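Residues per chain are reported as follows:
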Amino acid sequence: MFIFTLRRFNLFFFTMLLLTILSFSLSFLFPGEQLVNLTGQINATPEQLAVLANEYQHQAGFITQYFSYVSHLFHGDMGYSMASHLPVATEILNRLPATIELTSVALLVAMFVGIPIGFFAAIYHRKTPDNIILGVAMIGYSVPVFWLGILAILVFSIQLGWLPSAGQISLLFEIEHVTGLQLIDILLSDSPYKWQAFIDATRHLILPVIVVALAPATIFMRLARTAMLEVLETHYIKAAKAKGLTFWQIIYRHAMRNAFIKVIRDVGLQFANLVTIAMVTEVIFSWPGIGRWLIESIYQRDYTAIQGGLIVLSTFIFIVHIIIDFVYAALNPLAREPRHGA
Amino acid sequence: MSYSKFSYFLSLIVFSTLFGCDTNETLLLSEKSIIYCSEGAPESFNPQLVTSGTTIDATSNQLYNRLIEFDPNDNSIIPAIAKSWHVTRDGKMVTFYLRKDVNFHQTAYFIPTRALNADDVLFSFNRMLDPENEYHEVSGGKYPFFQNAQLDDLIESVEKINDHTVRFKLSQPDSSFLANIGGNSAVILSKEYSEHLIELNAMQEIDMFPIGTGPFKFKQYSSGAFIRFEPHSKYWQEQSQLKQLVYDITPRDTGRLTKLLAGECDVIAYPIAHEKIKQHPGLALESVTSFNVGYFGFNTTKPPFDNPLVRKAISYAINKQAILETVYTGQADIANGLIPSSSWAYDDTIESQEYSISKAQSLLAQAGYPDGFVMDLWAMPVQRAYNPDAVTMAKLIQADLQKISIKVDIVSDYEWSTFLRKISEGEHQSVLLGWSADHPDPDNFFSTLLSCVSSVTGSNRTFWCNQDFDQLIQSALQTDNINSRKALYSKALKLINEEVPLIPIAHSKRYQARAHSVNGKLLRSIGGIDFNGVTKN
Amino acid sequence: MARDKIYQEEEFPTPLMQLWHNFKQPPVVVIGFGCFLFLIVLAILSSLITPYSPIENHLNDLLLPPAWSNDGNVSFLLGTDNLGRDMLSRLIHGTSLTFGLSIIVVMASLIIGVIIGSLAALTKGVKSSFLNHFLDVILSIPSLLLAIVIVAILGPGLENTLWAIIMVLIPQFVHITRNAVKEEFTKDYVLASRLDGANSFRILRYSVFPNIIEKLISQATLAQSAAILDIAALGFLGLGAPIPMPEWGAMLANGIDLFYIAPWTVYLPGLAILFSVIATNLVGEGMRHALKVRKEN
């Protein structure tokens, strides 16, 4: 397990190195002055710029400049947003939790809905339920997410009037920003309308989560189906059959757990895809997350914000990726001690 | 958690959220609060600094009061902070007697120790008028409404007579002065708060964390997202029944309508798809004719438009009804004269110019152009309430004038500021423009658009300078008898219809949609929206 | 009548021929393939077969609903939008933009990706491991975010989004080429031609590529459905094709403002995107199925 952890740490370090290099080089690639792109100080006087140039070691070589950029990052300094003139780090801290909330709930929903359905399809391999599930899955990951979001609003918010169409919570509730995760903040708050606010926030969460989760869920369906089919072909299942266990006993006791482990391995890879979908969904549902903020930053040519957002969002995805790797390793001894497997 | 337990839990959440909204608690909060979906973020919380409608909507009537205000029904001047006022016989001195029970907002960032008095009024006006005032330069030092109305020239001084009496000395009599003092931008700020901020060395906060006397006080502003107001518990008039007033800033037209249909907003600004709202049983659509005019103006210094006959001929050839339907999609009234029907100076005996091709042709022949001519028509390149689509309007006019053999070249490629500069230099032959009034006094239309003075310095883009007309509007300003003013303006309107320096096309309406649960008058023809006295059930 | 076989020698169909044979078995795949070909034909002939120009305004026929509704007009089969532009013509022109361009984008990134991937497969050691990590990092950034960043550098516009999507799609082709080539290089037939004295390039050209091409095509169909969705998404967000262009995503964005008065301006472009992505996915699905069947035999 130590080697496993060390290896992940190593990977994380390398990834961060590459990401920061990428983000640093963006400040050169974006139109305009590099130092201004990096710091976001568009209204700075020449004197202020000189101070900044000194701070970021602008006269030195690229490597030194890069290191001073990274040291600023380490101190939580990502410069100032060109549009709002607030520190990018503050802006991100205000918005990232909303995205974390949306994506993690969506990921869980996608897994808990997609994987069982996939297993179900595998059990009825090449029978009607399997074909129906495959057909639905095909449509599910072919639907353009922005269109799906609009249709969902039309049906569930307007025709049926069940669920709200925009935002994270009704503006009437004043919830103090503690963790930024709305549901947790509500539980922490001492508002007299706590329970009401909690219900309201959950209602706001449902539609965006369904829209974000649909495509990943269909992918998990297919992954789970394939995994289950592979497991059902293995020798230990045949052995279990020979022992005289019933089909459902085999599925529950042996097949499900092993197939599940196989699916978990790929969940991390799907997370980047899920975040992409979430970015567009945030725009449609006016979700106050980092994806919507990043897209607005493009409209406003807020290059400092784009750099900061890119780093933070990619790091977030990568951390989730690593967490899922650890979950996989915890579930599967073969992964953490390769010599048993190979 | 096992799978079945999880699904049980999940369905529990789904059911409780879908049907849980009927609990008594919900009734408490949303029943007593209004969410207004506005079309944009305010630029400032001080309407002295900005004239944009969005900022006025968010601040003027909610946070502040003026010395005098306009009656929402007939736009006549009524007392507000000043319980009465007196104008001297020569019209050069105006004295206001202030109420003694007007309290400023008590908020998390400021606790007032005294009620409003003459010092506050002096501070509010001197901030704009007096370059020496320490707040004059805070937030840019530009006070567009006051400077546009030339009040800085008109007002010689503001004096404190005693704690509750102030006197304005004017350089000349001006009967639109009172209307200007009741305008959206002439709000009263707190002198005590300004001193408090000087102590804290945070002077710019006066326009970001506002303190006023209005029915609502500022609670929270999340930049570009929402504004939260609370009722002012010591408001000098009847206190609002609402618990909260929230402006949900929703720039997308479809987004606002979606929120209204989904019940997330109670009131929305500038709705689209009017038919859809009218068909909806729970929603109401309302409108008010705004104090604006969209017009087709001629450069009266350039031939052939220096000839009134040509201008008159063209006025017969314009099909205003078609323009109203296509350009304004019916959301406007046809302009019979320069001023809208909601103004007291409106004269319903003046009828809209009739549409008659034959009359147009004969007038044109009389003027010496039986075979027509070629003209250019400048169409403004931006959308405004008074003219939502000038280019389409220009195309319709082009087709109309084709019928009397006038060929029209449309000019609309310039960027807005360049466009304005070029027409102020008189490069155009004719132009499609408009005007939104700052206050309901009719003078705001006449003097601004057609007086000789404004053809030199102001916004008279027809460069029409008629001594009779100027005489009429000058005398109207020098009397404060409303009937004689009305008679003078009526003559002026007739003169415009004879001379046709411009053809008024339409007065557009401002629309708004609300849920039936919201009661009370919201829209005003001047000064935007007002939530004072609005209730919800 | 079947042709008699004169020679007794066994025919060895090429891998692609075998693929086609297995591919055309399930009927749903054939339907998908038919739709795919139909879209290609539409994309090529778009300007010839449309009744109107996609930007022509019919000011007398604003916001006409599709012909089957009561207020519809047969001369505008799918209705018109707020400027009186014929929806059918716009959708067909959109085929050549959204769908047609996605094919070009995928081909471009396929070629670049294969070249880089083959070179990468032939290198070893630190360089190779660096590339591997680099690709992992790039693949962990959401594709749309990466495209957005590239658009931010290049500036909005259809052409720039195409470049952005090409760049975003390259890593997956590099990845799959590199792995496939490495796998093939361990096989005996490669060793055999190496013993014959062939150099690496020759082996790639004549031995390896014919054997990995089907993997690449199958990856390309995946990439294409992603490309269609990305082009449309960027168009929808206003970063890609400008609004007047009949690109499906941009059409949808334009339709949103008319949603409550003319819902077909939202439904139709969305359906077009869905249809083309499903057709592409069906082709890819059939391809992967065929590959699997062939492997099993």
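Predicted model, so just to flag it, every value in this text is computed and none were measured.

(A) Broad picture of the overall build of chain A. Looking only at helices and strands, chain A has 15 helices and zero strands in total. Dimensions of chain A along its principal axes, counting C-alpha atoms only, are 85 × 55 × 40 Å. Each of the 342 residues in chain A was classed as buried or not, and the buried ones make up 54%. For chain A, the share of sequence-separated contacts (at least 6 apart) that also reach a separation of at least 24 residues comes to 71%. For chain A, the computed accessible surface area is about 15600 Å², with 66% contributed by carbon and sulfur atoms. For chain A, the distance from the average position of its 20 positive side-chain charges to the average position of its 20 negative side-chain charges is 23 Å.

(B) Looking closely at the interface of chain A and chain C. Contacts between the two partners involve 43 residues from chain A and, on the opposite side, 39 residues from chain C. Summing both partners gives a buried area of about 3600 Å² for chain A against chain C, and 82% of it is carried by carbon and sulfur. If you sort the residues of chain A by the area they bury against chain C, Phe146(A), Trp147(A) and Ile298(A) come out on top, with a joint share of 17%. Taken together, chain A and chain C are joined by one salt bridge. Residue Arg222(A) is joined to Glu285(C) by a salt bridge in which the shortest nitrogen-to-oxygen separation is 3.2 Å. Counting residues per element, the ones that place at least two in the side of chain A that touches chain C are α1 (2-29), α6 (128-142), α7 (145-159), α11 (247-284), α12 (290-299) and α13 (303-331) of chain A. Broken down by element, the residue count for the side of chain A that touches chain C peaks at eight residues, all from α1(A).

(C) Local environment of the interface of chain B and chain A. In this complex, chain B contributes 26 residues to the contact, which on the side of chain A involves 23 residues. Regarding the contact of chain B and chain A, the summed buried area is about 2200 Å², with carbon and sulfur atoms giving 67% of it. Counting across the interface, chain B meets chain A through two salt bridges. Between Lys219(B) and Glu174(A) there is a salt bridge, with its nearest N and O atoms 2.8 Å apart. Along the contact surface separating chain B from chain A lie five residue pairs in polar contact (both at pLDDT 80 or more). Elements supplying a minimum of two residues to the side of chain B that touches chain A: α1 (3-19), α2 (24-31), β1 (33-38), β8 (216-222), β9 (226-231), β10 (244-249) and α9 (253-261) of chain B. Considering every element that reaches the side of chain B that touches chain A, the biggest residue donor is α1(B), with six residues. Here the side of chain B that touches chain A is composed, by residue class, of 11 nonpolar, eight polar and seven charged.

(D) Highlighting a nonpolar patch on the surface. Residues Val41(C), Ile44(C), Leu45(C), Leu48(C) and Ile49(C) make up a contiguous nonpolar surface patch of about 490 Å² in total accessible area. Looking at the element boundaries, Ile44(C) is found in helix α2 (residues 27-49).

(E) View of the environment of Phe120(A). All names here are of chain A. You can see Phe-120 is positioned in helix α5 (residues 88-123). A sequence separation of 104 residues divides Phe-120 from Ala-224, and the C-alpha atoms of the two residues are 9.1 Å apart. Those residues within four positions of Phe-120 in sequence are excluded, and the remaining contacts are Pro-129 and Ile-133.

(F) Region of the structure containing the packing of aromatic side chains. This model, assessed by the stated rule, comprises 43 aromatic pairs over all chains. Ring centres of Phe24(A) and Tyr69(A) lie 5.5 Å apart, and the angle between their planes is 35 degrees; this geometry places the pair in the tilted category. Within this pair, whereas Phe24(A) is found in helix α1, its partner Tyr69(A) is found in helix α4 (residues 62-74), the two being separated by 45 residues in sequence. Here Phe24(A) matches Tyr69(A) in class, with each residue buried. A connected cluster of aromatic rings, assembled from ring pairs, spans Phe45(B), Tyr109(B), Phe110(B), Tyr193(B), Phe209(B), Phe218(B) and Tyr221(B). The side chain of Arg205(C) reaches across the aromatic face of Tyr206(C), ending 4.6 Å from its centre.

(G) Spotlight on the environment of Pro116(A). Tracing the backbone through its elements, the reader meets Pro116(A) in helix α5. C-alpha separation for the pair Pro116(A) and Met256(A), spaced 140 residues apart in sequence, amounts to 9.1 Å.

(H) View of the packing of helix α18 (residues 467-478) of chain B against helix α19 (residues 482-499) of chain B. All names here are of chain B. Where α18 meets α19, the closest approach of the two axes is 9 Å, and the angle between their N-to-C directions is 160 degrees. The orientation of α18 with respect to α19, classified from their angle, is roughly antiparallel. The handedness of the crossing between α18 and α19 is left-handed. Of the residues in α19, those touching α18 at Asp-468, Phe-469, Leu-472, Ile-473, Ser-475, Ala-476 and Leu-477 are Arg-485, Leu-488, Tyr-489, Lys-491, Ala-492, Leu-495 and Ile-496. For the contact of α18 with α19, the class distribution of residues is 10 nonpolar, one polar and three charged.

(I) How the structure looks around the sheet that holds strand β6 (residues 155-162) of chain B. Residue and element names in this part refer to chain B. The sheet built from four strands is open, its strands ordered β4-β5-β7-β6 with antiparallel pairing. Each end of this open sheet is capped by a strand with a single partner; those strands are β4 (82-87) and β6. Recorded for the sheet is a direction-independent mean angle of 20 degrees between the axes of neighbouring strands. Taken together, the six bridges between β6 and strand β7 (residues 165-170) define a ladder with antiparallel strand orientation. Bridge pairing links Ile-155 to Leu-170 in β7. Helix α4 (residues 118-129) rests against β5 (93-98), β6 and β7 of the sheet, and its axis sits at about 165 degrees to β6.

(J) Spatial organisation of the packing of α7(A) against helix α9 (residues 194-232) of chain A. Residues and elements named next belong to chain A. For the pair α7 and α9, interaxial distance at closest approach is 10 Å and the crossing angle is 145 degrees. In the packing of α7 onto α9, the handedness of the crossing is right-handed. Along the contact surface, α7 presents Val-145, Leu-148, Gly-149, Ala-152, Ile-153, Phe-156 and Ser-157, while α9 presents Leu-207, Val-211 and Leu-214. Looking at side-chain class alone, the contact of α7 with α9 contains eight nonpolar, two polar and no charged residues.

(K) How the structure looks around the state of the cysteines. Residue and element names in this part refer to chain B. Applying the stated criterion across every chain yields a total of two disulfides over all chains. Paired through a disulfide, Cys-37 and Cys-265 show a sulfur-sulfur distance of 1.7 Å. In this pair, Cys-37 sits in strand β1 while Cys-265 sits in the loop between α9 and β11 (267-269), placing the two residues 228 residues apart along the sequence. Judged by relative accessible area, Cys-265 falls into the buried class, the value being 2%. Between the sulfur atoms of Cys-452 and its disulfide partner Cys-465 the distance amounts to 1.9 Å.

(L) Spotlight on the confidence of the model for chain A. Put simply, chain A has an average pLDDT of 85, and 97% of its residues get 70 or more. Averaged over each element, pLDDT in chain A is lowest for helix α15 (residues 338-341) of chain A (50) and highest for α5(A) (92).

(M) Looking closely at unusual backbone geometry. Here Pro303(B) and Pro304(B) are connected by a cis peptide whose omega angle stands at 0 degrees. Tracing the chain through its elements places Pro304(B) in the loop between β13 (292-298) and α11 (308-317). In the Ramachandran plot, Arg301(A) falls in the positive-phi region, its phi being about 50 degrees despite a non-glycine side chain. In this structure, Arg301(A) sits in the loop between α12 and α13.

(N) Geometry of the nonpolar core. With 198 residues, the main nonpolar core has Phe146(A), Phe236(C), Leu252(C) and Ile273(C) as its most contacted residues. Among the elements that make up this core, the one with the highest residue count is α9(A) (18 residues). Excluding its chain neighbours within four sequence positions, the residues that come into contact with Phe146(A) are Val280(A), Ile284(A), Leu229(C), Ala232(C), Ala233(C), Phe236(C), Leu252(C) and Ile273(C). One finds Phe298(B), Ile314(B), Leu502(B) and Ile505(B) within the second-largest nonpolar core, a separate group that totals 74 residues.

(O) Here's a closer look at the side chain of Ser170(A). Looking at the element boundaries, Ser170(A) is found in the loop between α7 and α8 (182-188). We classify Ser170(A) as buried; its relative accessible area is 16%. Not counting chain neighbours up to four residues away, the residues in contact with Ser170(A) comprise Asp200(A), His204(A) and Ile35(B).

(P) Seen up close, the environment of Ala313(B). Residue and element names in this part refer to chain B. Within the element layout of this structure, Ala-313 appears in helix α11. Relative accessible area serves as the criterion here: at 0%, Ala-313 is assigned to the buried category. As a C-alpha pair, Ala-313 and Ser-358 span 45 residues in sequence and 9.6 Å in three-dimensional space. Among all residues touching Ala-313, those that are not within four sequence positions of it are Ala-360, Leu-363 and Leu-364.

(Q) Representation of α11(A). Residues and elements named next belong to chain A. Helix length check: α11, at 38 residues, gives a terminal C-alpha distance of 45 Å against a target of 56 Å (1.5 Å per residue), a shortfall beyond 12%. At Ala-255, α11 shows its maximal bend, which comes to roughly 45 degrees. Trailing α11 by a residue or two, Ser-286 shows a phi angle of about 45 degrees, which is positive.

Cut-off values and rules
- Residues numbered from 1 in each chain as written.
- Chains lettered and ligands numbered in written order.
- Predicted model: local features only at pLDDT ≥ 70, side-chain atom pairs only at ≥ 80, totals over all residues.
- Heavy atoms only, no water.
- Helix = DSSP H or I, 4+ residues; strand = E, 2+ residues; numbered from the N terminus.
- Buried < 20%, exposed > 50% of the residue type's maximum accessible area, 1.4 Å probe, protein only.
- Contact = heavy atoms within 4.5 Å.
- Areas by Shrake-Rupley, 256 points an atom, 1.4 Å probe, with all protein chains shown as cover.
- Lys, Arg positive; Asp, Glu negative; His and termini not counted.
- Charge placed at Lys NZ, Arg CZ, Asp CG, Glu CD.
- Buried area = accessible area lost by both parts, 1.4 Å probe.
- Salt bridge = Lys/Arg side-chain N within 4 Å of Asp/Glu carboxyl O.
- Polar contact = N/O pair within 3.5 Å; in protein donor to acceptor, adjacent residues only side chain to side chain.
- Nonpolar A, V, L, I, M, F, W, Y, C, P; charged D, E, K, R; others polar.
- Patch = residues over 30% accessible without salt bridge, like charges linked within 9 Å, V, L, I, M, F, W, Y side chains within 5 Å.
- Phe/Tyr/Trp six-rings, centres within 6.5 Å; stacked < 30°, edge-to-face > 60°.
- Lys NZ or Arg CZ within 6 Å of the ring centre and 35° of its normal.
- Axes fitted to C-alpha atoms, helices over the stretch in contact; angles between N-to-C directions.
- Parallel < 35°, antiparallel > 145°, perpendicular 65-115°, else oblique.
- Left-handed = near helix turned anticlockwise from the far one by under 90°.
- Pairing = 2+ DSSP bridges.
- Disulfide = S-S within 2.5 Å.
- pLDDT = per-residue confidence, 0-100.
- Core = buried A, V, L, I, M, F, W, Y, C linked by side-chain atoms within 4.5 Å.
- Expected span 1.5 Å × (residues − 1).
- Bend = angle between axes of the 7 residues up to and from the residue.

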